[in-house]
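Per-entry structural report
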Amino acid sequence: LGPASYRLGVGVMLMNYYKQVLVARRLDNPNGAWQMPQGGIQGNENPTTSARRELREEIGTDNVKFLAESKGWYEYDLPEDLARTIWNGQFKEMVDC
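The sections below set out a description of the structure shown in this document.

As a further point, take unusual backbone geometry. Not every positive phi belongs to a glycine, and K19 is a case in point at roughly 65 degrees. Here K19 lies in the loop between β1 (6-13) and β2 (24-25).

Structure representation (C-alpha cells):
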C-alpha cells in the first residue's frame, strides 16, 4: 500500500433491517462531528476482524452479519493540523454489515 506514514484502518457501514445506517456523534469533537464506526487495524488482524473489534469497542456489540467488503483500499490525507500530530493519512477498507 502507500507511504509508511499512513495508517491501515477499517470503516463500517452498519445497517438495520429497515436499511437505516448508524452514524454517531463524536464525543471528542467540540464541533459536533458525526461518523460511522471506524478504526485502525492492529497487528495481524484482517479487515473483518478489525471491524468486529471496532464495533465492540465503539457500540458495545459485534453481533452483525457481514454483507460486503470494498474491492480495494481507499486512501485519503488528513487535514494538515491533524497530520502533524499523528499520521499523514489513512488507507481504509470499508465493510458493510
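We are not done yet, so read on.
This next bit is on the side chain of R53. By the secondary structure assignment, R53 is in helix α1 (residues 47-59). Given a relative accessible area of 8%, R53 falls into the buried group. Within the structure, the side chain of R53 is placed 2.7 Å from the side chain of E45, a separation counted as a polar contact. Leave out the neighbours within four places in its chain, and R53 touches G40, I41, Q42 and E45.

Another point: the pattern of salt bridges. A complete count under the given rule lists 4 salt bridges for this structure. Its salt-bridge partner being E57, residue R53 comes within 3.2 Å of it at the nearest N-O pair. Separated by 4 residues within a single helix, R53 and E57 lie in helix α1, roughly one turn from each other. The partner of D62 in a salt bridge is R56, and the shortest N-O contact between them spans 2.8 Å. Given a relative accessible area of 24%, D62 falls into the partly exposed group. We classify R56 as partly exposed; its relative accessible area is 43%. A cluster of three or more residues bridged by salt bridges with shared partners is formed by E45, R53, E54 and E57.

This brings us to the environment of L78. The topology assignment puts L78 in the loop between β6 (74-77) and α2 (80-83). On the basis of relative accessibility, which here comes to 15%, the residue L78 falls in the buried class. Along the primary structure L78 and Y6 are separated by 72 residues, whereas in three dimensions their C-alpha atoms are 9.6 Å apart.

The next thing to look at is the environment of N46. Topologically, N46 is positioned in the loop between β4 (38-40) and α1. A C-alpha to C-alpha distance of 9.5 Å links N46 and V10, two positions 36 residues apart in sequence. At 3.0 Å, the side chain of N46 forms a polar contact with the backbone nitrogen of T48.

About the criteria used
Residues numbered from 1 in each chain as written. Predicted model: local features only at pLDDT ≥ 70, side-chain atom pairs only at ≥ 80, totals over all residues. Heavy atoms only, no water. Helix = DSSP H or I, 4+ residues; strand = E, 2+ residues; numbered from the N terminus. Buried < 20%, exposed > 50% of the residue type's maximum accessible area, 1.4 Å probe, protein only. Polar contact = N/O pair within 3.5 Å; in protein donor to acceptor, adjacent residues only side chain to side chain. Contact = heavy atoms within 4.5 Å. Salt bridge = Lys/Arg side-chain N within 4 Å of Asp/Glu carboxyl O.

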